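Chain and residue survey
The residues making up each chain are set out below.
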Amino acid sequence: MNRSFGEKLTFWYAQNKRHLPWRDICDPYKIWLSEIILQQTRVNQGITYYQRFTQAYPDIFRLANAPADEVYKLWQGLGYYNRADNLMKTAKIVAGQYNGQFPDDFEKLKSLPGIGDYTAAAIASLAFGKKHPVVDGNVYRVLSRIFGVETPINTAKGKKEFTTLAFRLMAGHAPADFNQALMEFGALHCVPHHPDCETCMFKNSCFAASTHRQAGFPVKKPKAPVCNRYYYYFVIQVAHKGETCFYLKKRTARGIWRNLYDFPAIESASALEEPLDSIVLAQKTNLFEKLPYTTGTPSVVYRQQLTHLKVSAYFIPVFLTEPLSNGQKKSLFLVQQKQLTNFPVPRLIARYLQDIKHIK
Ligand code: ADE
């Protein structure tokens, strides 16, 4: 008899699954904890942390009432500390607003901090037996290879298509078992590099194996290339009415950081040989007018990675003896040092301002 995809898969799972501490339990708290730990963490490393956390906090109330420093300490080594922050936030919400009981509803789960589509589906299916397919990297790989789905997985269309396919295949199976089986098959057998297709139960029906295109699945849409941009910021300092003041510039042009404030700058797609070379370029634009000025030592480089842009910035102190006469024309605002932190600025400017706070 020709067995279905789900039958083969769940049979394989029963024979091959790893015995992991968060498996074969249905305590939503522990399942949630394991899934948050396993986001961006390998299973072997995750086990140790899972055991530490469940020993220190056997239930959600213990975690909700734990001092933040203690939680960070237990989290140390896992990185991505916003996961630890969200862990504490969600523990407090579930303990305080849900009486310590995780909701079993997908949308309510998703409204909790740190819980997205994947984690909501994992909790709803593994803890509550609800029919929500989990679609993680393993699932994308297995389904795209076997069924030859070429829709890029990093698109909304792809995500929807794979979720629908997994949902359809799940019919007639216990959601918890089916989901874990699919992820486990990807983790152990249908691995990214050199999968052992000869011994695979799907070898006669797998699109990728029969076309020798295993390495081509899943398909990903190429990301837009990352460009470099260099900013040479002039931190123009001048005494005005007995106060140390700086010139800020409002960014009004389309593009990055629109409506934020930064310093007047020379922007360039390539690096100058020396940051101080930018002064010559600034003079050409008459930035300092005809006023006498002196310069300080340029800062170290400050970097910020935006989606398609790698920004490197240098800050060059420039000291004027009197304010610019036509600063306003250049959309420059003379701002007292103590007021600087009231302006919305890009992250790397905030970091710089934090670093120079001690300057009198
Ligand atoms: N990775 C993410 N969730 C997992 C789970 N429940 N079991 C094994 N690996 C995982």
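Calculation rules
Residues numbered from 1 in each chain as written. Predicted model: local features only at pLDDT ≥ 70, side-chain atom pairs only at ≥ 80, totals over all residues. Heavy atoms only, no water. Helix = DSSP H or I, 4+ residues; strand = E, 2+ residues; numbered from the N terminus. Rg over C-alpha atoms; globule rule 2.2 N^0.38 Å. Areas by Shrake-Rupley, 256 points an atom, 1.4 Å probe, with all protein chains shown as cover. Lys, Arg positive; Asp, Glu negative; His and termini not counted. Charge placed at Lys NZ, Arg CZ, Asp CG, Glu CD. Buried < 20%, exposed > 50% of the residue type's maximum accessible area, 1.4 Å probe, protein only. Salt bridge = Lys/Arg side-chain N within 4 Å of Asp/Glu carboxyl O. Core = buried A, V, L, I, M, F, W, Y, C linked by side-chain atoms within 4.5 Å. Contact = heavy atoms within 4.5 Å. Phe/Tyr/Trp six-rings, centres within 6.5 Å; stacked < 30°, edge-to-face > 60°. Axes fitted to C-alpha atoms, helices over the stretch in contact; angles between N-to-C directions. Parallel < 35°, antiparallel > 145°, perpendicular 65-115°, else oblique. Left-handed = near helix turned anticlockwise from the far one by under 90°. Nonpolar A, V, L, I, M, F, W, Y, C, P; charged D, E, K, R; others polar. Polar contact = N/O pair within 3.5 Å; in protein donor to acceptor, adjacent residues only side chain to side chain. Near = heavy atom within 4 Å. Domains from an automatic or database assignment. Expected span 1.5 Å × (residues − 1). Arc of directions from axis to C-beta.

Regarding its fold elements, the protein chain presents 14 helices and eight strands. For the protein chain, whose C-alpha radius of gyration is 28 Å, the value lies well above the compact-globule estimate of 21 Å for 360 residues. Projected onto its principal axes, the C-alpha positions of the protein chain cover 90 × 50 × 30 Å. Carbon and sulfur atoms make up 52% of the accessible area of the protein chain, which amounts to about 19,500 Å² in all. Averaging the locations of the 46 positively and 28 negatively charged side chains of the protein chain gives two centres separated by 4 Å.

Between Phe217 and the following residue, Pro218, the backbone shows a cis peptide bond with an omega angle of -5°. You can see Pro218 is positioned in the loop between helix 12 (207–210) and strand 1 (227–240). Even without a glycine there, the phi angle at His194 is positive, about 50°. When you line up the elements, His194 lands in the loop between helix 11 (175–188) and helix 12. Here His194 falls in the exposed class, since its relative accessible area comes to 76%.

Bringing the pattern of salt bridges into the picture now. One pass over the full model with this rule turns up 13 salt bridges. Measuring nitrogen to oxygen at the nearest pair gives 3.3 Å for the salt bridge that ties Glu150 to Arg213. Separated by 63 residues along the polypeptide, Glu150 in the loop between helix 9 (137–147) and helix 10 (156–170) and Arg213 in the loop between helix 12 and strand 1 bring together distant segments of the chain. In this structure, Glu161 engages Lys157 in a salt bridge whose closest nitrogen and oxygen atoms are separated by 4.0 Å. Taken as a pair, Glu161 and Lys157 lie in helix 10 at a separation of four residues, close to a single helical turn. Lys157 gets classed as exposed once you look at its relative accessible area, which sits at 58%. Beyond isolated ion pairs, a larger network of salt bridges with shared partners links Arg229, Arg251, Asp262 and Glu267.

Glancing now at the nonpolar core. If you look at the biggest cluster of nonpolar residues, it comprises 70 residues, and the most contacted ones within it are Phe5, Trp32, Phe53, Leu63 and Leu143. Ignoring any residue separated from it by four or fewer positions in sequence, one finds Leu143 in contact with Phe5, Gly148, Val149, Phe162, Leu165, Ala166, Leu169 and Leu182. Within the second largest apolar cluster, 21 residues are counted, among which are Tyr233, Tyr302, Val335 and Ile356.

With that out of the way, let us pick up the packing of aromatic side chains. Tallied over the entire structure, the rule returns 25 aromatic pairs. Ring geometry for Phe53 versus Tyr57: centroids 6.0 Å apart, planes at 55°, classification tilted. Here the two residues Phe53 and Tyr57 agree in accessibility, since each one is buried. Residues Tyr233 and Phe263 carry aromatic rings whose centres are separated by 6.2 Å and whose planes lie at 70° to one another, so their mutual orientation is edge-to-face. Here Tyr233 is found in strand 1, whereas its partner Phe263 is found in the loop between strand 3 (261–262) and strand 4 (265–268), with 30 residues between them in sequence.

Viewed as axis vectors pointing N to C, helix 2 (residues 28–38) and helix 3 (residues 43–56) meet at an angle of 135°, and their least axial separation amounts to 9 Å. Here helix 2 is positioned oblique relative to helix 3, judged by the angle of their axes. Crossing hand, helix 2 versus helix 3: right-handed. Across the interface between the two elements, Lys30, Leu33, Ser34, Ile37 and Leu38 of helix 2 pack against Val43, Gly46, Tyr49, Tyr50, Phe53 and Thr54 of helix 3. In the contact of helix 2 with helix 3, the residues fall into seven nonpolar, three polar and one charged.

Take the side chain of Ser144 next. Here Ser144 lies in helix 9. In terms of polar contacts, Ser144 uses its side chain to reach the backbone carbonyl oxygen of Arg141, at 3.1 Å. Those residues in contact with Ser144 that lie beyond four places of it in its chain are Val149, Phe162, Phe217 and Pro218.

Right, let's get into the site of the ligand. Neighbouring residues of the ligand: Leu20, Trp22, Arg23, Glu35, Leu38, Val43, Tyr118 and Gln180. Tyr118 places a side-chain nitrogen or oxygen 3.1 Å from a nitrogen atom of the ligand. Relative to its unbound accessible area of 260 Å², the ligand is 88% covered by the protein chains. Split into classes, the residues belonging to the shell around the ligand amount to five nonpolar, one polar and two charged.

Our focus in this paragraph is the domain arrangement of the protein chain. It is common to give the size of an interface as the accessible area that goes away when the parts come together. Here the protein chain is described as being made up of domain 1 (2–216) and domain 2 (227–355). Between the C-alpha centres of domain 1 and domain 2 the distance comes to 47 Å.

This next bit is on helix 8 (residues 117–128). With 12 residues, helix 8 should cover 16 Å at 1.5 Å per step; its first-to-last C-alpha distance of 16 Å lies within 8% of that length. Buried residues of helix 8: Thr119, Ala120, Ala121, Ala122, Ile123, Ala124, Ser125, Leu126 and Ala127, and no others. In the core, the buried residues of helix 8 are packed alongside helix 2, helix 7 (106–110) and helix 11. In the stretch just after helix 8, Gly129 is the one whose phi turns positive, near 70°.

Below, the discussion takes up helix 14 (residues 347–355). Turning to helix 14, its buried residues are Leu348, Ile349, Tyr352 and Leu353. Along the long axis of helix 14, the arc covered by the buried residues comes to 140°, so they all point the same way. Packed against the buried residues of helix 14 are strand 1, strand 3, strand 6 (302–305) and strand 7 (309–320).

Let's shift gears to the environment of Ala215. Assignment of secondary structure puts Ala215 in the loop between helix 12 and strand 1. Along the chain, Ala215 and Gly79 lie 136 residues apart, while their C-alpha atoms are 30 Å from each other.

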